[in-house]
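Examining the three-dimensional arrangement
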Amino acid sequence: MIISVQSAYEWNLRQDLIFVDCRFDLQNPEKGKVSYAHEHIPGAVYMDLEKDLSGEVKETGGRHPLPDLNQFFDTLKQAGINDQSIVIAYDDNHAFASRFVWLLKAIGHEEAYVLDGGLSAWKEAGLSTTDEVPESHKIEKEQSWKLVQSLIATQSDVQHYIQKENVALIDSRSHDRYTGQHEPIDKKAGHIPTALNYDWTALFESGFFKHSDQLQKHFEMLSEYSQIVVYCGSGVTAAPNVIALWQAGYSNVQLYVGSFSDWISNENNPIKTEDQP
């Protein structure tokens, strides 16, 4: 799920391995691609959060809904990825790479990993980078990818889950957004009722994921629940929490892809803030 730079480098000699650069800046959507053009891991292809890893934004579905599956499959094949490829995704904060790895898992692609520490760790290890874009070798053959619905929570699922005591709903945003004290993006503030706050940035130390035993300790209160559903603002920064939960040994984890931005698109959905009981 999470792979070290050393292991990634050792695996790099394998012909079936593909690096995917997922760097992105929500305030400057072109920055990631520009950074990739300037410097990336040799052989890496680029995936854009909004063009490749998300679908069309509509009235419901949130700011980063699932991409059209056929288009996503074609994007993968255009990048030379088949259903047997070993894929290692990286960025500079783990959020976008985690989103991509989660997407691969959600279509049944098993060999997908987040590069721990991202490009910075790769460079700090003294490993080379390049500005050369690899030749495209599109896969023409149909692949076995298929949506794994059990990894995905919808708005209607969450409406049902908030009535269940055995389901943990995890809000991955900062505490001030969770409480409704500060909301810089969405038109409404607060959180989905019953949600617990697990800020995604608490997963890291010095730019790396915490060790598995530390993650187990971090999430230990969740062991009593039969189902865990993770959300954030739009289904991006929730993804590192999903990856970390898997790394900690939890298998009963879903991502609410639409997340809070989808939840508030329905006026009938309740919202809780710190001031409410």
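The coordinates are above.
Residues numbered from 1 in each chain as written. Predicted model: local features only at pLDDT ≥ 70, side-chain atom pairs only at ≥ 80, totals over all residues. Heavy atoms only, no water.

Right, let's get into the packing of aromatic side chains. In total, this model carries eleven aromatic pairs according to the counting rule given. With centroids separated by 5.7 Å and ring planes inclined at 65 degrees, the aromatic side chains of Phe 24 and Phe 96 adopt a geometry described as edge-to-face. One end of the pair, Phe 24, is in the loop between strand 2 (17–21) and helix 2 (31–38); the other, Phe 96, is in helix 4 (residues 95–106), with 72 residues separating them in the sequence. Phe 24 gets classed as buried once you look at its relative accessible area, which sits at 6%. The rings of Tyr 9, Phe 19 and Trp 122 are connected pair by pair, giving a single aromatic cluster. Above the face of the Phe 260 ring, Arg 173 is positioned so that its terminal group lies 4.4 Å from the ring centre. (Phe/Tyr/Trp six-rings, centres within 6.5 Å; stacked < 30°, edge-to-face > 60°. Helix = DSSP H or I, 4+ residues; strand = E, 2+ residues; numbered from the N terminus. Buried < 20%, exposed > 50% of the residue type's maximum accessible area, 1.4 Å probe, protein only. Lys NZ or Arg CZ within 6 Å of the ring centre and 35° of its normal.)

Further remarks concern the layout of surface pockets. Estimates place the volume of the largest pocket at around 530 Å³. Every residue lining the largest pocket is counted, 24 residues in all, and those nearest its centre are Val 45, Tyr 46, Gln 78, Ala 79 and Pro 134. Put simply, the parts of the chain that give the lining of the largest pocket at least two residues each are strand 2, helix 2, strand 3 (45–46) and helix 3 (69–78). Take the lining of the largest pocket: its biggest share by element is three residues, from strand 2. Its residues placed into classes, the lining of the largest pocket shows eleven nonpolar, seven polar and six charged. Of the volumes computed, that of the second largest pocket is approximately 390 Å³. Lining the second largest pocket are 18 residues, with Leu 26, Arg 63, Arg 177, Ile 185 and Thr 237 sitting closest to its centre. When grouped by side-chain class, the residues that make up the lining of the second largest pocket number seven nonpolar, seven polar and four charged. (1 Å grid on protein atoms, 1.4 Å probe; cavity = no way out; pocket = protein on both sides within 12 Å on 5 of 7 lines; lining within 4 Å. Points joined across faces, edges and corners; volume = space filled by probe spheres on them. Nonpolar A, V, L, I, M, F, W, Y, C, P; charged D, E, K, R; others polar.)

Below, the discussion takes up the sheet that holds strand 3. Taken in spatial order, the five strands of this open sheet run 1-5-4-2-3, and their pairing is parallel. Of all the strands in the sheet, just strand 1 (2–3) and strand 3 have a single pairing partner and so form its edges. In this structure, strand 1 lies alongside strand 5 (residues 112–115), joined through two bridges in parallel fashion. Residue Ile 2 lies in a different strand from strand 5, and its bridge partner there is Val 114. (Pairing = 2+ DSSP bridges.)

Moving on, we come to the side chain of Asn 241. With respect to the element layout, Asn 241 can be found in helix 9 (residues 238–247). Excluding residues that lie within four positions of it along the chain, Asn 241 makes contacts with Ile 170, Ser 172, Tyr 198, Trp 200, Leu 203, Phe 219 and Val 230. (Contact = heavy atoms within 4.5 Å.)

Relative to the helices and strands, Asp 52 is located in the loop between strand 3 and helix 3. Among buried charged residues, Asp 52 stands out as having no salt bridge; its nearest opposite-charge side chain is Lys 33, 7.4 Å away. In terms of polar contacts, Asp 52 uses its side chain to reach the backbone amide nitrogen of Asp 48, at 2.7 Å. Every residue in contact with Asp 52, bar those within four places of it in the chain, is listed here: Tyr 46, Met 47, Pro 67, Phe 72 and Thr 75. (Lys, Arg positive; Asp, Glu negative; His and termini not counted. Salt bridge = Lys/Arg side-chain N within 4 Å of Asp/Glu carboxyl O. Polar contact = N/O pair within 3.5 Å; in protein donor to acceptor, adjacent residues only side chain to side chain.)

Across the five residues that make up strand 2, a large majority, five, are buried. Judged by which residues are buried, strand 2 turns out to be covered on both faces: Leu 17, Phe 19 and Asp 21 on one side and Ile 18 and Val 20 on the other are all buried. The pairing of strand 2 with strand 4 (residues 86–90) spans five bridges and is classified as parallel. Bridge pairing in strand 4 places Val 20 opposite Ala 89. Examined bridge by bridge, strand 2 and strand 3 share two bridges and lie parallel to one another. Looking at strand 3, one finds that Val 20 is bridged to Val 45.

Pairing is parallel across the open sheet formed by five strands, whose spatial order is 6-12-11-7-8. The outermost strands of the open sheet, each flanked by one partner alone, are strand 6 (152–153) and strand 8 (196–197). Where strand 7 (residues 167–171) meets strand 8, two bridges bridge the pair, whose relative direction is parallel. In the sheet register, Ile 170 faces strand 8, and the bridge partner there is Leu 196.

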